[in-house]
Amino acid sequence: MLNVEILREDFPILKRAVQEGSLLAYLDSTATSQKPLAVIDAMNEYYRRSNSNIHRGVHTLAEEATALYEAARDRITKFINAVSAREIIYTRNTTESINLVAYSWGRSHLKSGDVVILTEMEHHSNLVPWQMLQSELGIRLEFIPVTEEGLLDLDAYRILLERKPKLVSFTHMSNVLGTINPVAEVATLAHSVGAMVLVDGAQSVPHLPVDVQALDVDFYAFSAHKMCGPTGIGILYGKEEWLVAMPPFLGGGDMIKEVHLHSFKANSLPHKWEAGTPAIAEAVGFGAAVDYLSKIGMEEIQTHEHAMTEYALDRLVEIPGVKVLGPTAEKKGGVVAFTVNGIHPHDVAQILDRDGIAIRAGHHCAQPLHEKFGIPASSRASFYFYNTAEEVDRLVAGIYKVKELFG
Ligand code: 7TS
């Protein structure tokens, strides 16, 4: 069992009063998580003590900065059980990681008529890069349907596989429905027809144990800022053989071995994929975040969030006119999107904010999924290990208040 009250002490922002003196109830970690002192202090200390550019100086600070940057990569490698740090590429975020694959692998491996399979529950980050290739190269996009319950329709997927896709790209966990998809099963089926597999792990790596070797995926993308780390840095995991073979994404300093007026030789992994001065302090903060999460334990985090989700679902179904999207707690993570009959999600969020309760409203960058369910938008509460049952109670009381205000 997590000692949530003790863990909350690590997050200065959770002590903040917002709006008319109400204590913050932060129920929006799906958008971005809050940051513990361990991360804030690591970045602060880096700037105070070791700030320098990396991989290019011989002076002490340059060596320290390089060591810190690479030590963080080593921790991230272990955290998702990659084979080696050469498979861990720093990017800006999940979005950039997916764009890197679309740009480099997509443009060198796909041609007109090739099929790429996505799902109806994707974040725009895993839709638009492929739509861009659709217009540019004439690839064909197919979508695994989402059932009424909010699960992937695997029977329909098996039929889609008969079209011999080149790639299957899908989210590990939906940022709206909370659905946790059977990644290993989807990947095995994809590989059986020779397709590559890319997984959007933006919502899974922060909330459950992830082992990329056990899942046997080709690419896996995630962001630091949703897992207690800073904004501006993310990861693309890729199997070494693909990362070696693919043409570079961005060209410039650090990603080269040698450059002549008319040619260049790309650097070895992982540096081939990191052109220009990277987010060094952010990498240091990312490493501290991974240490922090590892110390708590990803299983424990998942168990706590499951309990929160179960409790929230129980309480929300009590409220007349409230409809929750997605499956039961057993099949999802700590994301609870809902509608309140006759009241716009933005009004729900705005009124909750008056009592310090932070939730998100809108289509959550998953507009096609909302279209599928015939709604323009939803309200969404999401949980992390620092959330409490009392905050769920405040959410529920807040929704009753919203209903009262709107008659
Ligand atoms: N994929 C999923 C499943 C996501 O939830 C998000 C962000 C992204 C990709 C993009 O991550 P980024 O770090 O590149 O921006 N999701 C959300 C959200 O649900 N509310 O705000 C951001």
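Residues numbered from 1 in each chain as written. Predicted model: local features only at pLDDT ≥ 70, side-chain atom pairs only at ≥ 80, totals over all residues. Heavy atoms only, no water.

Here we come to the packing of aromatic side chains. To describe a pair of aromatic rings, one takes the distance between the centres and the angle between the planes. Counted according to the given criterion, the structure contains twelve aromatic pairs. Between Phe222 and Phe286 the ring centres are 6.4 Å apart and the planes differ by 80°, which places this aromatic pair in the edge-to-face class. In this pair, Phe222 is assigned in strand β9 (residues 219-223) and Phe286 in helix α10 (residues 280-296), connecting sequence segments 64 residues apart. Phe286 shares its class with Phe222; the two are buried. Judged by centre distance (6.1 Å) and plane angle (45°), the ring pair of Tyr292 and Phe385 falls under tilted. Separated by 93 residues along the polypeptide, Tyr292 in helix α10 and Phe385 in the loop between β17 (378-382) and α14 (389-405) bring together distant segments of the chain. Like Tyr292, the residue Phe385 is buried in the burial classification. These aromatic residues form a ring-pair network of at least three members: Phe11, Tyr292, Tyr384, Phe385 and Tyr386. (Phe/Tyr/Trp six-rings, centres within 6.5 Å; stacked < 30°, edge-to-face > 60°. Helix = DSSP H or I, 4+ residues; strand = E, 2+ residues; numbered from the N terminus. Buried < 20%, exposed > 50% of the residue type's maximum accessible area, 1.4 Å probe, protein only.)

All right, on to the domain arrangement of the protein then. Taken domain by domain, the protein consists of domain 1 (41-294) and domain 2 (298-405). On a C-alpha basis, the centres of domain 1 and domain 2 stand 29 Å from each other. Listed by partner, the interface residues are 32 residues for domain 1 and 28 residues for domain 2. Contact between domain 1 and domain 2 buries roughly 2400 Å² in total, counting both sides, with carbon and sulfur atoms accounting for 63%. Taken as a group, Val176, Leu177 and His207 account for 26% of the area that domain 1 buries against domain 2, more than any other trio of residues on that side. (Domains from an automatic or database assignment. Contact = heavy atoms within 4.5 Å. Buried area = accessible area lost by both parts, 1.4 Å probe.)

Let us look at the environment of Gln34. Here Gln34 lies in the loop between β3 (25-26) and α2 (37-50). Exposure remark for Gln34: the relative accessible area of 11% places this residue in the buried category. Considered as a pair, Gln34 and Cys228 are 194 residues apart in the sequence and their alpha carbons are 5.8 Å apart. Residues contacting Gln34, with those up to four places away along its chain left out, are Phe11, Ile13, Leu14, Tyr26, Cys228 and Tyr386.

Time to look at unusual backbone geometry. Here the bond from Leu269 into Pro270 is cis, since omega is -5°, no more than 30 degrees from zero. With respect to the element layout, Pro270 can be found in the loop between β12 (263-266) and α10. Notably, Asp254 is not glycine yet its phi reads approximately 75°, a positive angle. On the secondary structure map, Asp254 appears in the loop between α9 (240-245) and β11 (256-260). Its identity as a non-glycine residue notwithstanding, Cys365 has a phi of 60°, on the positive side. Checked against the element boundaries, Cys365 lands in the loop between β16 (360-362) and α13 (367-372). Judged by relative accessible area, which is 24%, Cys365 ranks as partly exposed.

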